[in-house]
Amino acid sequence: MSRSDRSGWRKFCAWVDGEEWCAAPSAPQHPVSAGREPEREVSAFEAYQQSRRLMQAVGALFCITLAVVLALVVVHLPPFGDPANPTNNEVSRRYIEQGIEETGSANLVGGMILSYRVFDTFGESSVLFLAASCVTILLRRDRKNTTPQALRQMAHEERTDRKDKDVVLRTAVLLLMPVSIMVGFYVMLFGHLSPGGGFSGGSILGGGMVLYARTFGSKSVQRFFNEHIYHLVKVVCLMCYGLILIYYVFTGANGLNNHIWLGIPGHILSSGIIMPINVLVGFEVACTIYAFYALFSEGEV
Amino acid sequence: MLPYYQHIPFFSIVLLMICGILTSVVRSGRVALRIHLGAVLALLGANLVLLANVLPRQERFTYALGIVSHPYGNELVCGPLEATLAVAFLLVMAMSVLGGRDGVFEDVEPGKQNLYFVMCDLIMASLLAMIYTNDAFTAYVFIEINTIAACALVMAKDSGATLVATIRYLMMSLLGSGLFLLGLTFLYHITGHLLIIDIHDQVQQLAATGAYQIPLTVLMGMMALGLGLKSALFPNHTWLPDAHGSATTASSAILSGLVLKGYVVLLIKCIFCIFGEEVFAASHVGDVLLVMGALAMVVGSVKAIQETHIKRMIAYSTVAQIGYIYLGLGMGGAAAAVAAIYQMLVHAFTKPMLFLCAGELAEASGHRKQMYYLRGAGHRAKLAGVGFTVGGLSMIGLPLLGGFAVKFYLADAALSGSWKMWVALAALAVSSVLNALYYLPAIIQIWSKAQPGENLPQLPVKRPSLAFVVAVLVLGAGTVLLGVCCSGTGALLSLGLSLL
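Please read all numbers here as calculations on a predicted model, not as lab measurements. (Residues numbered from 1 in each chain as written. Chains lettered and ligands numbered in written order. Predicted model: local features only at pLDDT ≥ 70, side-chain atom pairs only at ≥ 80, totals over all residues. Heavy atoms only, no water.)

Quick notes on the overall build of chain B
Across its full length, chain B carries 21 helices and 2 strands. Its C-alpha atoms give chain B principal-axis dimensions of about 75 × 55 × 45 Å. Going through the 500 residues of chain B one by one, you find that 69% of them count as buried. In chain B, 81% of the contacts between residues at least 6 apart in sequence involve partners at least 24 apart. Element-wise, carbon and sulfur atoms account for 69% of the exposed surface of chain B, whose accessible area totals about 14400 Å². For chain B, the centre of its 26 positive side-chain charges and the centre of its 22 negative side-chain charges are spaced 12 Å apart. (Helix = DSSP H or I, 4+ residues; strand = E, 2+ residues; numbered from the N terminus. Buried < 20%, exposed > 50% of the residue type's maximum accessible area, 1.4 Å probe, protein only. Contact = heavy atoms within 4.5 Å. Areas by Shrake-Rupley, 256 points an atom, 1.4 Å probe, with all protein chains shown as cover. Lys, Arg positive; Asp, Glu negative; His and termini not counted. Charge placed at Lys NZ, Arg CZ, Asp CG, Glu CD.)

Quick word on the nonpolar core
By size, the foremost hydrophobic cluster in this structure holds 240 residues, and its most contacted members are Tyr290 of chain A together with Phe10, Leu187 and Phe388 of chain B. No other element matches the 20 residues that helix H15 (residues 334-364) of chain B contributes to this core. Each of domain 1 (1-257) and domain 2 (284-500) of chain B contributes no fewer than three residues to this core. Core analysis: the next-biggest nonpolar cluster, separate from the first, contains 5 residues, Val91 and Tyr95 of chain A together with Val68 and Tyr72 of chain B among them. (Core = buried A, V, L, I, M, F, W, Y, C linked by side-chain atoms within 4.5 Å. Domains from an automatic or database assignment.)

Focus: helix H13 (residues 227-254) of chain A
Three or four residues apart is the spacing at which side chains of an α-helix point the same way, because the helix has 3.6 residues per turn. Residues and elements named next belong to chain A. Along its 28 residues, H13 runs 40 Å from first to last C-alpha, staying within 8% of the 40 Å computed at 1.5 Å per residue. Sitting at the head of H13, Asn226 places a side-chain oxygen 3.2 Å from the backbone nitrogen of His228. Remark: Gly255 follows H13 within two positions and exhibits a positive phi of approximately 70°. (Expected span 1.5 Å × (residues − 1). Polar contact = N/O pair within 3.5 Å; in protein donor to acceptor, adjacent residues only side chain to side chain.)

Regarding the pattern of salt bridges
In the structure shown here, the tally under the stated rule is 13 salt bridges over all chains. Between Arg94 of chain A and Glu102 of chain A there is a salt bridge, with the nearest N and O atoms lying 2.7 Å from each other. By relative accessible area, Glu102 of chain A is classed as partly exposed at 26%. Here Asp287 of chain B and Lys420 of chain B are joined by a salt bridge, their closest N and O atoms 3.2 Å apart. In this pair, Asp287 of chain B is assigned in helix H13 (residues 285-306) and Lys420 of chain B in helix H19 (residues 419-447), connecting sequence segments 133 residues apart. Taken individually, Asp287 of chain B and Lys420 of chain B each receive the classification buried, so the pair is uniform in this respect. (Salt bridge = Lys/Arg side-chain N within 4 Å of Asp/Glu carboxyl O.)

Description of the confidence of the model for chain A
For chain A, per-residue confidence averages 82 on the pLDDT scale, and residues scoring 70 or more make up 83% of the total. This model gives residues 22-39 of chain A a pLDDT under 50, and the stretch forms 30 contacts once residues within four places in sequence are excluded. (pLDDT = per-residue confidence, 0-100.)

So, the interface of chain A and chain B
Chain A puts 74 residues into the contact, and the matching count from chain B is 91 residues. Between chain A and chain B lies a buried interface of about 8000 Å² when both sides are counted; carbon and sulfur atoms form 68% of it. Across the pair Asp135 of chain B and Arg117 of chain A runs a salt bridge whose closest N-O atoms are separated by 2.9 Å. Across the contact surface, chain A and chain B share 13 residue pairs in polar contact (both at pLDDT 80 or more). Breaking the side of chain A that touches chain B down by element, the ones donating at least two residues are helix H2 (7-16), helix H3 (20-23), helix H5 (52-76), helix H6 (90-103), helix H8 (118-139) and H13 of chain A. For the side of chain A that touches chain B, the element with the highest residue contribution is H8 of chain A, accounting for 15 residues. Grouping the amino acids of the side of chain A that touches chain B by side-chain chemistry returns 40 nonpolar, 18 polar and 16 charged. (Buried area = accessible area lost by both parts, 1.4 Å probe. Nonpolar A, V, L, I, M, F, W, Y, C, P; charged D, E, K, R; others polar.)

Some points on the domain arrangement of chain B
All names here are of chain B. One can read the domain layout of chain B as domain 1 (1-257) and domain 2 (284-500). Facing 45 residues of domain 1, the contacting portion of domain 2 comprises 44 residues. Of the roughly 3600 Å² buried at the junction of domain 1 and domain 2 (both faces included), carbon and sulfur atoms supply 77%. Contact with domain 2 buries area across many residues of domain 1, yet Leu81, Leu233 and Phe234 alone supply 17% of it, more than any other trio. Applying the counting criterion to the domain 1 and domain 2 interface returns 1 salt bridge.

What about unusual backbone geometry?
Residue and element names in this part refer to chain B. Residues Phe234 and Pro235 are joined by a peptide bond in cis, for which omega reads 5°. Looking at where Pro235 falls in the secondary structure, it is placed in the loop between helix H9 (213-230) and helix H10 (239-246). Here His284, not a glycine, exhibits a phi torsion of approximately 65°, which is positive. In this fold, His284 is placed in the loop between helix H12 (277-282) and H13.

Structure, rendered in structure tokens:
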């Protein structure tokens with residue numbers, strides 16, 4: 001039969017019989033003990049390289065279509081700032097009119113995200129924790145991602161850095177450090193009174209630490225902030241946040257009085273759970289920002 | 001005071017997140033595993049109690065998260081459907097982790113094993129949050145958690161292949177999240193609400209008055225496309241085989257069995273709770289999902305046939321199986337949606353079993369995953385061979401197994417006479433044949449002895465660990481039970497769906 005001679009049909013028959021796999025394994029038949037077989041993904045990547053032109057064309061087409069569609073939608077959306085917009089409904093009115101009374105927070109946004117929508121915000125804080133854990137999985141030094149040569153290189157750089165004392169930089173950082181720490185604490189502690197809060201305050205604080213580590217070397221930061229303290233602060237802050245959330249939600253859902261003292265709006269000690277959460281989130285964010293820096297530059301906190 | 005069981009959804013989510021946070025300071029991977037399994041099994045019990053309470057009452061309750069509730073704050077919601085999904089997902093999670101345990105300890109660096117289980121905790125928490133949420137933005141927050149943790153599960157093996165796969169997965173997944181978030185922003189702009197029930201009312205009004213028709217249609221498409229991208233709907237499935245095929249066995253099982261389903265659950269929520277069935281049908285986004293699903297069923301299977309790497313073959317089979325879910329969702333109507341949810345459950349049990357068994361078979365063949373080396377692997381690892389056979393036959397659609405029930409329900413729902421019937425029936429027919437064309441040769445391969453001329457090494461019989469036995473037996477029992485008790489499960493699902 002002429003058809004059976006064609007290699008396509010033969011291959012098909014062989015494959016239906018399960019013989020194709022026996023015929024040509026892509027990997028060489030080395031002994032089993034020699035280790036795992038070469039990964040196929042490399043060839044997939046090469047195939048991708050070849051079809052890059054097509055991919056680029058499809059990608060460009062997709063982007064242009066999306067841009068046109070989005071522009072079309074924007075034209076048809078409610079006009080910006082119109083009082084008759086659907087977003088100006090009873091929900092935002094409640095936040096604006098009764099927010100201070102119900103949350104005790106003079107900062108309306110802070111009050112909203114940390115009391116009405118506190119569950120969402122707990123999720124967002126966990127995203128940060130999660131990101132830090134992922135970076136740790138990826139970058140913390142272990143036998144797979146570090147070579148002795150790289151370690152020697154790092155030690156060498158550390159030594160040259162210490163020798164090379166840049167007076168201007170060091171003086172500037174010594175002057176800036178206290179300011180940045182104070183601003184960080186201010187933004188964190190006054191998050192319920194003025195724009196700011198845990199996320200922004202924590203970033204400023206973490207930024208200050210990164211600045212210090214960059215100038216004086218991470219060894220000098222490890223005198224007051226090492227891996228133990230990092231873990232301790234991170235876990236204690238998130239756990240306290242979680243416990244506050246559980247208490248708040250449990251009493252709220254049951255309609256019980258939660259005994260949270262709201263204080264007088266505008267005073268520093270006010271706003272119930274919002275200030276403590278701001279401080280907890282702030283410390284967590286500061287730790288995480290510094291941990292990102294340390295993991296990226298050194299591979300350890 | 002609320003009845004005690006109404007607190008279960010909230011405490012399930014928060015408990016898992018707290019476990020994740022605590023696990024990050026545990027040094028030993030084994031302790032982390034115990035914490036994870038303990039928490040998941042305890043919550044499995046709790047959610048069974050919850051199901052036993054809401055099912056007889058046919059109750060669907062909302063749970064306010066905070067002092068001020070509806071419509072100002074976050075809310076959770078739970079009915080029979082949510083509780084059933086939660087129970088199934090928790091069970092599959094525990095079994096996937098249990099069965100892939102040895103692989104995790106082998107593939108992940110010792111100092112980082114605890115972080116692997118942190119990711120498992122957070123993935124489960126985010127899945128439960130997606131199931132139980134009654135707030136569209138909470139859904140997005142937990143999509144974020146799910147995305148990052150899922151990428152970490154792929155990355156944890158830390159080989160070159162997994163890193164490339166992770167980057168592709170991350171990019172595609174973030175594109176999906178972005179589309180969903182943009183759609184949600186538009187939705188908030190034209191409805192002014194974030195709680196699902198209020199959005200629903202507003203959307204119905206908009207549809208009745210005809211206002212904001214273009215944004216509404218586009219955002220439905222964007223949210224469906226975004227969630228479809230994240231659950232590997234054709235043609236956006238290209239990231240899946242790399243990610244699921246190269247990760248450690250437990251990760252593949254969790255990603256295929258559960259992570260993809262979380263987004264489908266959200267899409268079901270979008271269709272039935274946010275937009276409403278009629279509005280969604282009027283937008284014809286469902287038709288696109290139907291066609292994409294049908295194409296996925298064919299293309300995924302064809303790609304699987306071409307694979308010679310067992311885990312990648314199973315991963316392409318996932319693409320095809322996800323197509324079944326979207327076929328059901330795209331068809332419209334309650335019966336088809338029940339079929340889609342049924343497929344979600346069956347696939348959640350079957351695919352992790354296939355991955356676990358494939359991992360064990362590969363290990364019994366000297367850590368080789370090419371089909372060539374798996375000849376006779378069923379004799380070296382008997383239970384894994386049986387599990388793979390049962391899973392494969394279920395995917396083909398043998399009666400008494402879960403896959404048959406799904407195909408039956410899908411075909412039954414398709415018999416409406418419209419053009420969708422032909423698409424659905426043709427896709428089902430072609431895909432069933434194609435499924436058989438790669439699962440049967442694979443099954444034959446693992447059960448046949450080596451030919452005299454073949455240069456295959458003699459390998460010893462591998463004794464399965466107790467954890468693996470338990471996991472495969474439970475998942476296999478789930479596959480069989482879903483096939484045998486199909487009318488009862490179908491009734492439960494349609495009751496749950498009718499309460500949405």
